[in-house]
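What follows is the residue order along each chain.
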Amino acid sequence: MTLKIIISVLIVLSINLAGCEIDSTSYETEPWQEKMVEDLTAKEWIRSNKKYINNKQEIDEQEIVKLNKDGSGYWISYSSKNNQAPIEHRGYFKWTFTNPAYEYIYMDDNSYWKIEKLTSDSLCVYESHQNPDKVPNPTDKKYKAFAIRE
């Protein structure tokens, strides 16, 4: 008798749940947000940097970042000392905006980007490992200016 009740309950639940649909877009985006995502994800971003250690050793750095619309991304960095062959490093990450204003990007490698400027050919951010939504003026922020990789 209890087996019949369990089967009946499962059938009723199955019929009721069959009409349920999970909405994968739980929010509506505004046109400016769609444009922002398009500007961020439609290309690879690149920046080059030169630094000196103890005013002697010259290090050339190059960083490439790609953000995909599906929330995945990758970075590639190259560094070389005193005109030696560059050393390559790669990493992959997931990313998302941390607030509806799309001011900050969180990457699951525990870094945050505060977007200072975004155009179709320029991206300027402050990178930090502190959540800018909780720490308004992070102490470890670093300015990065990217251009489109040709």
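To start, this report covers the structure provided alongside it. (Residues numbered from 1 in each chain as written. Predicted model: local features only at pLDDT ≥ 70, side-chain atom pairs only at ≥ 80, totals over all residues. Heavy atoms only, no water.)

### Description of the packing of aromatic side chains
Right, so step 1: Under the criterion given, the structure shown has seven aromatic pairs.
Right, so step 2: The interplanar angle of 65 degrees and the centroid separation of 5.7 Å between the aromatic rings of tryptophan 32 and tyrosine 102 together place this pair among those described as edge-to-face. In this pair, tryptophan 32 is assigned in helix H2 (residues 31-41) and tyrosine 102 in the loop between strand E4 (87-97) and strand E5 (104-107), connecting sequence segments 70 residues apart.
Right, so step 3: The class for tryptophan 32 is partly exposed, based on a relative accessible area of 45%. (Phe/Tyr/Trp six-rings, centres within 6.5 Å; stacked < 30°, edge-to-face > 60°. Helix = DSSP H or I, 4+ residues; strand = E, 2+ residues; numbered from the N terminus. Buried < 20%, exposed > 50% of the residue type's maximum accessible area, 1.4 Å probe, protein only.)

### A word on the nonpolar core
Right, so step 1: Within the largest apolar cluster, 16 residues are counted, with the highest numbers of intra-cluster contacts made by Leu67, Ile105 and Trp113.
Right, so step 2: Looking at this core, the elements that each hand over two or more residues are H2, strand E2 (57-67), E4, E5, strand E6 (111-118) and strand E7 (122-128).
Right, so step 3: For leucine 67, the residues in contact, after removing those within four places along its chain, are Leu40, Thr41, Ser72, Gly73, Phe93, Trp95, Ile105, Met107 and Trp113. (Core = buried A, V, L, I, M, F, W, Y, C linked by side-chain atoms within 4.5 Å. Contact = heavy atoms within 4.5 Å.)

### Concerning the pairing of E4
The side chains of a regular strand alternate, residue by residue, between the two faces of the sheet.
Right, so step 1: Pairing analysis gives eight bridges linking strand E3 (residues 72-81) to E4, with the strands arranged antiparallel. The partner of tryptophan 75 across the bridge, within E4, is glycine 91.
Right, so step 2: The turn joining E3 and E4, which pair antiparallel and follow one another in sequence, is formed by five residues; a positive phi near 45 degrees is taken by asparagine 82.
Right, so step 3: Both E4 and E5 contribute to a ladder of three bridges, which runs antiparallel. Paired with tryptophan 95 across the bridge in E5 is methionine 107. (Pairing = 2+ DSSP bridges.)

### Side note on unusual backbone geometry
Both trends apply: most residues other than glycine have a negative phi, and most peptide bonds are in trans.
Right, so step 1: Phi angles above zero are rare outside glycine, and tyrosine 102 is one such case at about 60 degrees.
Right, so step 2: The exposure class assigned to tyrosine 102 is buried, which follows from its relative accessible area of 7%.
Right, so step 3: Phi is positive for asparagine 110, which is not a glycine, with a value near 70 degrees.
Right, so step 4: Within the secondary structure, asparagine 110 is located in the loop between E5 and E6.

### Concerning H2
Right, so step 1: Within the sequence span of H2, burial applies to Gln33, Met36, Asp39, Leu40 and Thr41.
Right, so step 2: On the buried face of H2, the contacting elements are strand E1 (44-53), E2, E4, E5, E6 and E7.

### Remarks on the sheet that holds E7
Right, so step 1: Strand order in this closed barrel of eight strands is E1-E2-E3-E4-E5-E6-E7-E8, and the pairing throughout is antiparallel. The mean inter-strand angle of the sheet, taken between neighbouring strand axes irrespective of direction, is 30 degrees.
Right, so step 2: Together, E1, E2, E4, E5, E6 and E7 form the strand contacts of H2, whose direction differs from that of E6 by roughly 105 degrees. (Axes fitted to C-alpha atoms, helices over the stretch in contact; angles between N-to-C directions.)

### Here's the deal with the environment of tryptophan 32
Right, so step 1: Between the C-alpha atom of tryptophan 32 and that of tyrosine 102, which follows or precedes it by 70 residues, the distance is 10.0 Å.
Right, so step 2: Among residues more than four places away in sequence, those in contact with tryptophan 32 are Pro100, Ala101 and Tyr102.

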